[in-house]
Amino acid sequence: KEYFPLISLIKSKLETPSATDTVAEESDTDDATPDFEKALKLIRSQYDGEIIFIYHSQTLIEKDCSVSFTDDKLFNAFEKACVENNIYVLDMRSVFARYYEEHKEIPYGFANTKPGNGHLNKLGHRLVAETLITYIEEVMP
């Protein structure tokens with residue numbers, strides 16, 4: 001955590017909602033952008049190689065058995081700050097949704113948890129690995 005200040009920043013923003021966070025949500029989280037920009041600029045200044053963040057939000061199973069994902073209001077601000085700092089963001093939501101539609105399997109949870117909750121399971125890790133390999137081979141210079 002000490003070497004990755006952005007992780008601590010994101011985690012604290014997401015886990016400790018306050019009155020100002022409510023205002024930020026209503027204003028499309030513009031207040032979060034300077035924090036992300038500062039942290040990502042610091043990371044970029046310390047490393048000139050390729051950087052990839054893998055984004056995967058919790059999977060939700062809806063009443064109609066479709067899949068959706070938790071709504072992360074800060075993702076757009078984070079993604080924008082990444083683009084501005086030449087940092088790649090690999091968003092796994094569409095990959096997870098497509099796999100669920102085809103196979104009816106979810107990338108989160110285990111036999112002892114509610115479906116879609118908890119940590120990435122074996123399937124989730126495999127999908128991330130396969131997508132990351134493809135991304136590196138096809139998208140990155």
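What you are looking at is a predicted structure, and each value in this text was computed from that prediction instead of being measured. (Residues numbered from 1 in each chain as written. Predicted model: local features only at pLDDT ≥ 70, side-chain atom pairs only at ≥ 80, totals over all residues. Heavy atoms only, no water.)

### Details of the overall build of the protein chain
Within the protein chain, the secondary structure is distributed over 6 helices and 4 strands. Start at the N end of the protein chain and walk to the C end: the helices and strands fall as α-α-α-β-β-β-α-β-α-α. Counting the 141 residues in the protein chain, one finds 38% classified as buried. The contacts of the protein chain with a sequence gap of at least 6 include a subset with a gap of at least 24, amounting to 65%. Working note: accessible area of the protein chain is about 9300 Å², and carbon and sulfur atoms make up 55% of it. (Helix = DSSP H or I, 4+ residues; strand = E, 2+ residues; numbered from the N terminus. Buried < 20%, exposed > 50% of the residue type's maximum accessible area, 1.4 Å probe, protein only. Contact = heavy atoms within 4.5 Å. Areas by Shrake-Rupley, 256 points an atom, 1.4 Å probe, with all protein chains shown as cover.)

### Looking at the packing of aromatic side chains
All chains considered together, the criterion is met by 5 aromatic pairs. Through successive ring pairs, a cluster of aromatic residues spans F36, F53 and F78. Between R93 and the ring centre of F75, over which it is positioned, the NZ or CZ distance is 4.8 Å. (Phe/Tyr/Trp six-rings, centres within 6.5 Å; stacked < 30°, edge-to-face > 60°. Lys NZ or Arg CZ within 6 Å of the ring centre and 35° of its normal.)

### Side note on the confidence of the model for the protein chain
Averaged over every residue, the pLDDT of the protein chain is 80; the share at 70 or more is 75%. Confidence drops under pLDDT 50 across residues 18–27; counting only partners more than four residues distant or on other chains, this segment forms 6 contacts. (pLDDT = per-residue confidence, 0-100.)

### Things to note about helix 4 (residues 75–84)
A turn of α-helix holds 3.6 residues, and therefore any two residues three or four places apart point the same way. If you check which residues of helix 4 are buried, you get F75, A77, F78, A81 and C82. Projected down its long axis, helix 4 carries its buried residues within an arc of 165°, all on one side. With its phi angle positive at about 55°, N86 sits one or two positions after the end of helix 4. (Arc of directions from axis to C-beta.)

### Points about the nonpolar core
M92, F96, L120, L127, V128 and Y135 are the most contacted members of the largest nonpolar core, which totals 18 residues. When contributions to this core are tallied by element, the ones reaching two or more residues are strand 3 (67–69), strand 4 (88–91), helix 5 (93–103) and helix 6 (122–138). Ranked by the residues each element gives to this core, the list is headed by helix 5, at 5 residues. Apart from the residues lying within four places of it in its own chain, the contact partners of V128 are I54, M92, F96 and L120. In terms of nonpolar packing, the next biggest core, distinct from the first, is built from 14 residues, Y55, A81, C82 and V89 among them. (Core = buried A, V, L, I, M, F, W, Y, C linked by side-chain atoms within 4.5 Å.)

### With respect to unusual backbone geometry
With a phi close to 55°, N86 is a non-glycine residue in the positive phi region. Here N86 shows up in the loop between helix 4 and strand 4. Here K104, not a glycine, exhibits a phi torsion of approximately 55°, which is positive. Its place among the elements puts K104 in the loop between helix 5 and helix 6.

### Some remarks on the pairing of strand 1 (residues 52–55)
On strand 1, burial follows the alternation: F53 and Y55 on one face are buried, whereas I52 and I54 on the facing-out side are not. Two elements, strand 1 and strand 4, share 4 bridges in a ladder whose sense is parallel. Residue pairing in the sheet places Y55 in a bridge with D91 of strand 4. (Pairing = 2+ DSSP bridges.)

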